[in-house]
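Given next are the chains, with one letter for each unit.
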Amino acid sequence: MIWPFFGAFMLATGTLLERLVLMKKIISVKFYQSAQFTAIVIAMLPFIPFFWEISREALTLKNILIFIGIIIISILANYITFYSMKNRQLSKIESAKITEPLFIILLAFIFSFIFGTGLYQRNSNILIPSLIAAAALILSNIKKKHIKFNKYYLFAISGSFLFALELVLSRLILNFYNPITFYFLRCIFVLAASLIIMKPKFNKNIDTKTILQILSTGAIKMAYRLIIYLGYVGLGVIETTLTLMLGPILIYFFAWKFLKEKITWTQILTAVIILGCIAYIWLV
(Lines give C-alpha, C1' and ligand atoms only; values in the text may rest on other atoms or scores of the structure.)
Protein backbone atom coordinates (compact mmCIF):
# COMPACT_ATOMS: atom_id res chain seq x y z
CA MET A 1 0.00 0.00 0.00
CA ILE A 2 2.89 2.38 0.61
CA TRP A 3 4.15 2.28 -2.98
CA PRO A 4 1.52 4.66 -4.42
CA PHE A 5 2.79 7.33 -2.00
CA PHE A 6 6.21 7.00 -3.61
CA GLY A 7 4.43 7.17 -6.96
CA ALA A 8 2.86 10.50 -5.98
CA PHE A 9 6.29 11.85 -5.05
CA MET A 10 7.77 10.64 -8.35
CA LEU A 11 4.90 12.20 -10.31
CA ALA A 12 5.58 15.57 -8.71
CA THR A 13 9.34 15.33 -9.17
CA GLY A 14 9.07 14.12 -12.77
CA THR A 15 6.61 16.86 -13.73
CA LEU A 16 8.84 19.53 -12.23
CA LEU A 17 11.86 18.27 -14.16
CA GLU A 18 9.82 18.09 -17.37
CA ARG A 19 8.81 21.71 -17.00
CA LEU A 20 12.39 22.79 -16.20
CA VAL A 21 13.66 21.16 -19.40
CA LEU A 22 10.78 22.27 -21.62
CA MET A 23 11.23 25.88 -20.45
CA LYS A 24 14.53 26.00 -22.33
CA LYS A 25 14.29 27.58 -25.77
CA ILE A 26 16.67 25.10 -27.36
CA ILE A 27 14.38 22.17 -26.43
CA SER A 28 11.57 21.52 -28.90
CA VAL A 29 8.53 19.40 -28.05
CA LYS A 30 9.35 16.88 -30.78
CA PHE A 31 12.90 16.51 -29.55
CA TYR A 32 11.85 16.25 -25.92
CA GLN A 33 9.31 13.50 -26.55
CA SER A 34 11.86 11.37 -28.38
CA ALA A 35 14.58 12.17 -25.83
CA GLN A 36 12.45 11.27 -22.84
CA PHE A 37 11.37 7.94 -24.26
CA THR A 38 14.97 7.21 -25.18
CA ALA A 39 15.89 7.91 -21.54
CA ILE A 40 13.12 5.60 -20.30
CA VAL A 41 14.23 2.77 -22.60
CA ILE A 42 17.86 3.21 -21.48
CA ALA A 43 16.77 3.14 -17.83
CA MET A 44 14.87 -0.10 -18.36
CA LEU A 45 17.44 -2.04 -20.40
CA PRO A 46 19.32 -3.47 -17.35
CA PHE A 47 16.06 -4.95 -15.99
CA ILE A 48 14.72 -6.57 -19.16
CA PRO A 49 16.88 -9.76 -19.05
CA PHE A 50 15.54 -10.50 -15.56
CA PHE A 51 11.89 -9.48 -15.95
CA TRP A 52 11.01 -10.39 -19.54
CA GLU A 53 7.68 -12.19 -19.45
CA ILE A 54 4.81 -12.35 -21.94
CA SER A 55 2.01 -14.89 -21.81
CA ARG A 56 0.33 -16.44 -24.86
CA GLU A 57 -2.85 -14.46 -24.17
CA ALA A 58 -0.98 -11.24 -24.96
CA LEU A 59 -0.50 -12.44 -28.54
CA THR A 60 -4.18 -12.91 -29.37
CA LEU A 61 -5.58 -10.55 -32.01
CA LYS A 62 -7.83 -8.73 -29.53
CA ASN A 63 -5.02 -8.05 -27.07
CA ILE A 64 -2.60 -7.00 -29.82
CA LEU A 65 -5.19 -4.47 -31.06
CA ILE A 66 -5.61 -3.15 -27.50
CA PHE A 67 -1.83 -2.77 -27.24
CA ILE A 68 -1.67 -0.91 -30.55
CA GLY A 69 -4.45 1.39 -29.34
CA ILE A 70 -2.44 2.10 -26.17
CA ILE A 71 0.61 3.03 -28.27
CA ILE A 72 -1.35 5.42 -30.50
CA ILE A 73 -3.06 7.09 -27.54
CA SER A 74 0.25 7.41 -25.68
CA ILE A 75 1.99 9.13 -28.60
CA LEU A 76 -0.76 11.73 -28.89
CA ALA A 77 -1.20 12.17 -25.11
CA ASN A 78 2.49 12.82 -24.54
CA TYR A 79 2.86 15.23 -27.44
CA ILE A 80 -0.09 17.49 -26.62
CA THR A 81 0.79 17.46 -22.90
CA PHE A 82 4.40 18.43 -23.57
CA TYR A 83 3.16 21.09 -25.99
CA SER A 84 0.99 22.69 -23.32
CA MET A 85 3.76 22.46 -20.69
CA LYS A 86 6.24 24.04 -23.08
CA ASN A 87 4.09 27.12 -23.54
CA ARG A 88 2.40 27.62 -20.16
CA GLN A 89 3.44 27.68 -16.50
CA LEU A 90 2.46 24.66 -14.40
CA SER A 91 0.15 26.80 -12.28
CA LYS A 92 -1.79 27.88 -15.37
CA ILE A 93 -2.45 24.40 -16.74
CA GLU A 94 -2.42 22.26 -13.59
CA SER A 95 -6.19 22.71 -13.14
CA ALA A 96 -6.49 20.94 -16.51
CA LYS A 97 -3.83 18.30 -15.82
CA ILE A 98 -5.38 17.29 -12.50
CA THR A 99 -8.56 16.15 -14.23
CA GLU A 100 -6.71 12.92 -15.09
CA PRO A 101 -7.60 11.12 -11.80
CA LEU A 102 -11.28 11.97 -12.27
CA PHE A 103 -11.19 10.68 -15.85
CA ILE A 104 -9.51 7.46 -14.67
CA ILE A 105 -12.13 6.87 -11.96
CA LEU A 106 -15.06 7.54 -14.28
CA LEU A 107 -13.61 5.43 -17.11
CA ALA A 108 -12.82 2.56 -14.70
CA PHE A 109 -16.41 2.74 -13.43
CA ILE A 110 -17.77 2.61 -16.99
CA PHE A 111 -15.40 -0.22 -17.93
CA SER A 112 -16.58 -2.20 -14.89
CA PHE A 113 -19.99 -2.60 -16.59
CA ILE A 114 -18.39 -3.63 -19.89
CA PHE A 115 -15.61 -5.92 -18.68
CA GLY A 116 -16.83 -6.80 -15.17
CA THR A 117 -15.58 -5.99 -11.68
CA GLY A 118 -12.70 -8.47 -11.85
CA LEU A 119 -10.45 -5.81 -13.38
CA TYR A 120 -12.27 -2.62 -12.35
CA GLN A 121 -13.80 -1.70 -9.00
CA ARG A 122 -17.39 -0.62 -8.44
CA ASN A 123 -17.43 -0.70 -4.62
CA SER A 124 -19.14 2.45 -3.30
CA ASN A 125 -16.80 2.53 -0.25
CA ILE A 126 -13.95 3.11 -2.71
CA LEU A 127 -15.72 4.96 -5.52
CA ILE A 128 -17.40 7.70 -3.45
CA PRO A 129 -14.29 8.81 -1.45
CA SER A 130 -12.30 8.76 -4.69
CA LEU A 131 -14.83 11.00 -6.44
CA ILE A 132 -14.86 13.36 -3.43
CA ALA A 133 -11.07 13.59 -3.48
CA ALA A 134 -10.99 14.14 -7.26
CA ALA A 135 -13.67 16.83 -7.06
CA ALA A 136 -11.85 18.57 -4.19
CA LEU A 137 -8.60 18.49 -6.15
CA ILE A 138 -10.19 20.04 -9.23
CA LEU A 139 -12.32 22.64 -7.42
CA SER A 140 -9.40 23.83 -5.28
CA ASN A 141 -7.40 24.63 -8.38
CA ILE A 142 -10.05 26.37 -10.47
CA LYS A 143 -9.09 30.00 -10.82
CA LYS A 144 -10.64 32.36 -13.33
CA LYS A 145 -7.34 33.97 -14.15
CA HIS A 146 -5.78 30.58 -14.90
CA ILE A 147 -8.67 29.00 -16.79
CA LYS A 148 -8.32 30.44 -20.25
CA PHE A 149 -9.66 28.07 -22.81
CA ASN A 150 -6.88 28.63 -25.30
CA LYS A 151 -5.31 25.76 -27.19
CA TYR A 152 -2.71 25.13 -24.47
CA TYR A 153 -5.33 24.67 -21.75
CA LEU A 154 -7.50 22.51 -24.02
CA PHE A 155 -4.44 20.44 -24.95
CA ALA A 156 -3.71 19.87 -21.25
CA ILE A 157 -7.27 18.65 -20.64
CA SER A 158 -7.17 16.44 -23.73
CA GLY A 159 -3.83 15.02 -22.64
CA SER A 160 -5.25 14.18 -19.21
CA PHE A 161 -8.19 12.35 -20.78
CA LEU A 162 -5.97 10.43 -23.19
CA PHE A 163 -3.55 9.41 -20.43
CA ALA A 164 -6.54 8.23 -18.36
CA LEU A 165 -7.91 6.24 -21.29
CA GLU A 166 -4.51 4.69 -21.94
CA LEU A 167 -4.11 3.61 -18.31
CA VAL A 168 -7.60 2.15 -18.03
CA LEU A 169 -7.12 0.28 -21.32
CA SER A 170 -3.75 -1.00 -20.09
CA ARG A 171 -5.47 -2.78 -17.20
CA LEU A 172 -7.19 -5.05 -19.75
CA ILE A 173 -3.88 -6.66 -20.74
CA LEU A 174 -1.57 -6.04 -17.78
CA ASN A 175 -2.08 -9.56 -16.44
CA PHE A 176 -0.49 -10.98 -19.60
CA TYR A 177 2.87 -9.24 -19.06
CA ASN A 178 5.39 -8.58 -16.38
CA PRO A 179 4.85 -4.84 -15.71
CA ILE A 180 8.46 -4.08 -16.66
CA THR A 181 8.09 -5.95 -19.94
CA PHE A 182 4.81 -4.19 -20.71
CA TYR A 183 6.18 -0.72 -20.06
CA PHE A 184 9.38 -1.42 -21.98
CA LEU A 185 7.45 -2.56 -25.05
CA ARG A 186 5.08 0.40 -24.78
CA CYS A 187 7.97 2.86 -24.61
CA ILE A 188 10.08 1.27 -27.36
CA PHE A 189 7.13 1.40 -29.76
CA VAL A 190 6.24 4.97 -28.77
CA LEU A 191 9.88 5.97 -29.26
CA ALA A 192 10.09 4.33 -32.68
CA ALA A 193 6.83 5.91 -33.85
CA SER A 194 7.83 9.33 -32.49
CA LEU A 195 11.15 9.22 -34.35
CA ILE A 196 9.46 8.21 -37.59
CA ILE A 197 6.52 10.63 -37.39
CA MET A 198 8.14 13.68 -35.77
CA LYS A 199 11.68 13.45 -37.18
CA PRO A 200 13.17 15.47 -34.29
CA LYS A 201 16.41 17.36 -34.83
CA PHE A 202 19.16 17.08 -32.23
CA ASN A 203 20.50 20.42 -31.05
CA LYS A 204 24.26 20.31 -30.50
CA ASN A 205 24.00 23.21 -28.05
CA ILE A 206 22.22 21.12 -25.43
CA ASP A 207 24.39 21.11 -22.31
CA THR A 208 25.30 18.18 -20.09
CA LYS A 209 23.02 19.39 -17.30
CA THR A 210 19.97 19.26 -19.57
CA ILE A 211 20.90 15.78 -20.79
CA LEU A 212 21.21 14.60 -17.19
CA GLN A 213 17.81 16.15 -16.37
CA ILE A 214 16.22 14.27 -19.26
CA LEU A 215 17.86 11.00 -18.19
CA SER A 216 16.71 11.58 -14.60
CA THR A 217 13.17 12.29 -15.76
CA GLY A 218 13.18 9.07 -17.77
CA ALA A 219 14.22 7.03 -14.74
CA ILE A 220 11.60 8.73 -12.55
CA LYS A 221 8.85 8.21 -15.14
CA MET A 222 9.82 4.55 -15.40
CA ALA A 223 9.52 4.05 -11.64
CA TYR A 224 6.25 6.00 -11.53
CA ARG A 225 4.58 3.95 -14.24
CA LEU A 226 5.73 0.65 -12.76
CA ILE A 227 4.22 1.67 -9.43
CA ILE A 228 0.94 2.46 -11.21
CA TYR A 229 0.87 -0.91 -12.96
CA LEU A 230 1.72 -2.81 -9.78
CA GLY A 231 -0.91 -0.81 -7.93
CA TYR A 232 -3.55 -1.57 -10.55
CA VAL A 233 -2.89 -5.30 -10.27
CA GLY A 234 -2.45 -5.41 -6.48
CA LEU A 235 -4.80 -2.70 -5.13
CA GLY A 236 -7.08 -1.82 -8.00
CA VAL A 237 -7.37 1.04 -10.46
CA ILE A 238 -9.44 3.39 -8.30
CA GLU A 239 -7.58 2.84 -5.02
CA THR A 240 -4.23 3.42 -6.72
CA THR A 241 -5.54 6.52 -8.46
CA LEU A 242 -6.84 7.97 -5.20
CA THR A 243 -3.47 7.58 -3.50
CA LEU A 244 -1.66 9.09 -6.49
CA MET A 245 -3.82 12.21 -6.17
CA LEU A 246 -1.23 13.39 -3.68
CA GLY A 247 1.02 13.89 -6.71
CA PRO A 248 -0.63 17.14 -7.89
CA ILE A 249 -0.46 18.48 -4.32
CA LEU A 250 3.27 17.78 -4.27
CA ILE A 251 3.59 19.39 -7.71
CA TYR A 252 2.22 22.63 -6.30
CA PHE A 253 4.55 22.41 -3.32
CA PHE A 254 7.56 21.83 -5.57
CA ALA A 255 6.45 24.64 -7.92
CA TRP A 256 6.28 26.93 -4.87
CA LYS A 257 9.61 25.75 -3.48
CA PHE A 258 11.70 25.58 -6.63
CA LEU A 259 9.88 27.66 -9.27
CA LYS A 260 8.70 30.37 -6.83
CA GLU A 261 5.05 29.88 -7.79
CA LYS A 262 2.39 30.59 -5.16
CA ILE A 263 0.62 27.95 -3.05
CA THR A 264 -2.79 28.69 -1.48
CA TRP A 265 -4.66 27.62 1.63
CA THR A 266 -7.25 25.86 -0.55
CA GLN A 267 -4.54 23.58 -1.90
CA ILE A 268 -3.50 22.77 1.67
CA LEU A 269 -7.14 22.01 2.57
CA THR A 270 -7.40 19.78 -0.49
CA ALA A 271 -4.38 17.79 0.66
CA VAL A 272 -6.12 17.20 4.00
CA ILE A 273 -9.31 16.03 2.23
CA ILE A 274 -7.38 13.64 -0.01
CA LEU A 275 -5.46 12.20 2.95
CA GLY A 276 -8.77 11.75 4.78
CA CYS A 277 -10.29 9.90 1.82
CA ILE A 278 -7.22 7.65 1.53
CA ALA A 279 -7.35 6.87 5.25
CA TYR A 280 -11.07 6.08 4.98
CA ILE A 281 -10.78 3.48 2.21
CA TRP A 282 -7.81 1.83 3.93
CA LEU A 283 -9.55 1.66 7.30
CA VAL A 284 -13.04 0.63 6.16
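Keep in mind the model is a prediction, meaning the values are calculated, not measured. (Residues numbered from 1 in each chain as written. Predicted model: local features only at pLDDT ≥ 70, side-chain atom pairs only at ≥ 80, totals over all residues. Heavy atoms only, no water.)

1. Structural notes on the overall build of the chain
Step number 1: Within the chain, the secondary structure is distributed over 13 helices and zero strands.
Step number 2: Tracing the chain from N to C terminus, the helices and strands come up as α-α-α-α-α-α-α-α-α-α-α-α-α.
Step number 3: When burial is assessed residue by residue, the chain has 55% of its 284 residues classed as buried.
Step number 4: Partitioning the intrachain contacts of the chain with sequence separation of at least 6 by distance along the chain shows that 89% fall at a separation of at least 24.
Step number 5: Carbon and sulfur atoms make up 71% of the accessible area of the chain, which amounts to about 13,400 Å² in all. (Helix = DSSP H or I, 4+ residues; strand = E, 2+ residues; numbered from the N terminus. Buried < 20%, exposed > 50% of the residue type's maximum accessible area, 1.4 Å probe, protein only. Contact = heavy atoms within 4.5 Å. Areas by Shrake-Rupley, 256 points an atom, 1.4 Å probe, with all protein chains shown as cover.)

2. Digging into a nonpolar patch on the surface
Step number 1: A cluster of nonpolar side chains, contributed by Trp52, Ile54, Leu59, Leu61, Ile64, Leu65, Ile68 and Ile72, occupies part of the molecular surface with about 800 Å² of accessible area.
Step number 2: On the secondary structure map, Leu65 appears in helix α4 (residues 61-87). (Patch = residues over 30% accessible without salt bridge, like charges linked within 9 Å, V, L, I, M, F, W, Y side chains within 5 Å. Salt bridge = Lys/Arg side-chain N within 4 Å of Asp/Glu carboxyl O.)

3. Quick look at the packing of aromatic side chains
Step number 1: Considering all chains together, one arrives at 12 aromatic pairs under this definition.
Step number 2: Aromatic side chains Tyr32 and Phe82 sit 5.0 Å apart centroid to centroid with 85 degrees between the ring planes, which places their arrangement in the edge-to-face category. Residue Tyr32 is found in helix α2 (residues 29-44), and its partner Phe82 is found in helix α4; the two are separated by 50 residues along the sequence.
Step number 3: Here Tyr32 falls in the buried class, since its relative accessible area comes to 0%. (Phe/Tyr/Trp six-rings, centres within 6.5 Å; stacked < 30°, edge-to-face > 60°.)

4. Examining the packing of α4 against helix α8 (residues 151-170)
Step number 1: Two numbers describe how α4 lies on α8: the axes approach to 8 Å, and their chain directions differ by 150 degrees. On the basis of their axis angle, the class for α4 and α8 is roughly antiparallel. For the element pair α4 and α8, the recorded crossing hand is left-handed. When α4 is examined against α8, the residues Ile66, Ile70, Ile73, Ser74, Leu76, Ala77, Asn78, Ile80, Thr81, Tyr83, Ser84 and Asn87 are found in contact with a partner set consisting of Lys151, Tyr152, Phe155, Ala156, Ser158, Gly159, Leu162, Phe163, Leu165, Glu166, Leu169 and Ser170.
Step number 2: Taken together, the residues of the contact of α4 with α8 break down into 14 nonpolar, eight polar and two charged. (Axes fitted to C-alpha atoms, helices over the stretch in contact; angles between N-to-C directions. Parallel < 35°, antiparallel > 145°, perpendicular 65-115°, else oblique. Left-handed = near helix turned anticlockwise from the far one by under 90°. Nonpolar A, V, L, I, M, F, W, Y, C, P; charged D, E, K, R; others polar.)

5. Digging into the side chain of Gln36
Step number 1: Tracing the sequence through the fold places Gln36 in helix α2.
Step number 2: Take Gln36: its relative accessible area is 2%, and that puts it in the buried class.
Step number 3: Those residues in contact with Gln36 that lie beyond four places of it in its chain are Glu18, Asn78, Phe82, Ile214, Thr217, Gly218 and Lys221.

6. A closer look at the pattern of salt bridges
Step number 1: Taken as a whole, this structure holds three salt bridges when the rule is applied.
Step number 2: Salt bridges here are not isolated pairs; linked through shared partners, they connect Glu166, Arg186 and Arg225.

7. Examining the side chain of Lys221
Step number 1: Considering the arrangement of structural elements, one finds Lys221 in helix α10 (residues 208-234).
Step number 2: For Lys221, a relative accessible area of 15% corresponds to the buried category.

8. Side note on the confidence of the model for the chain
Step number 1: Averaged over all residues, the pLDDT of the chain equals 83, while 87% of them reach at least 70.
Step number 2: Averaged over each element, pLDDT in the chain is lowest for helix α5 (residues 90-97) (68) and highest for helix α9 (residues 179-198) (95). (pLDDT = per-residue confidence, 0-100.)

9. Details of the environment of Ile274
Step number 1: Mapped onto the fold, Ile274 is located in helix α13 (residues 265-283).
Step number 2: Residue class for Ile274 comes out buried when judged on its relative accessible area of 0%.
Step number 3: The spatial distance from the C-alpha of Ile274 to the C-alpha of Met245 is 7.3 Å, given a sequence separation of 29 residues.

10. A short note on the packing of helix α6 (residues 100-115) against helix α11 (residues 237-244)
Step number 1: It is at 10 Å that the axes of α6 and α11 come closest, and there the two elements cross at 170 degrees. The angle between α6 and α11 falls in the class roughly antiparallel. Facing α6, whose interface residues are Pro101, Ile104, Ile105 and Ala108, α11 presents Val237, Ile238 and Thr241.
Step number 2: A class-by-class count of the residues in the contact of α6 with α11 yields six nonpolar, one polar and no charged.

11. Observations regarding the environment of Leu226
Step number 1: By secondary structure assignment, the location of Leu226 is in helix α10.
Step number 2: Separated by 219 residues in the primary sequence, Leu226 and Gly7 place their C-alpha atoms 8.8 Å from one another.
Step number 3: Apart from residues lying up to four places away in sequence, Leu226 is in contact with Pro179, Ile180 and Tyr183.

12. Remarks on the nonpolar core
Step number 1: Core analysis: the largest hydrophobic core is formed by 66 residues, its most contacted members being Ile173, Phe182, Tyr183 and Met245.
Step number 2: Sort the elements by how many residues they give to this core and α9 lands first, with 10 residues.
Step number 3: Ignoring any residue separated from it by four or fewer positions in sequence, one finds Phe182 in contact with Phe67, Ile70, Ser170, Ile173, Leu174, Tyr177 and Tyr229.
Step number 4: Grouped together as the second largest cluster of nonpolar side chains are 14 residues, Ile27, Tyr32, Phe82 and Ile214 included. (Core = buried A, V, L, I, M, F, W, Y, C linked by side-chain atoms within 4.5 Å.)

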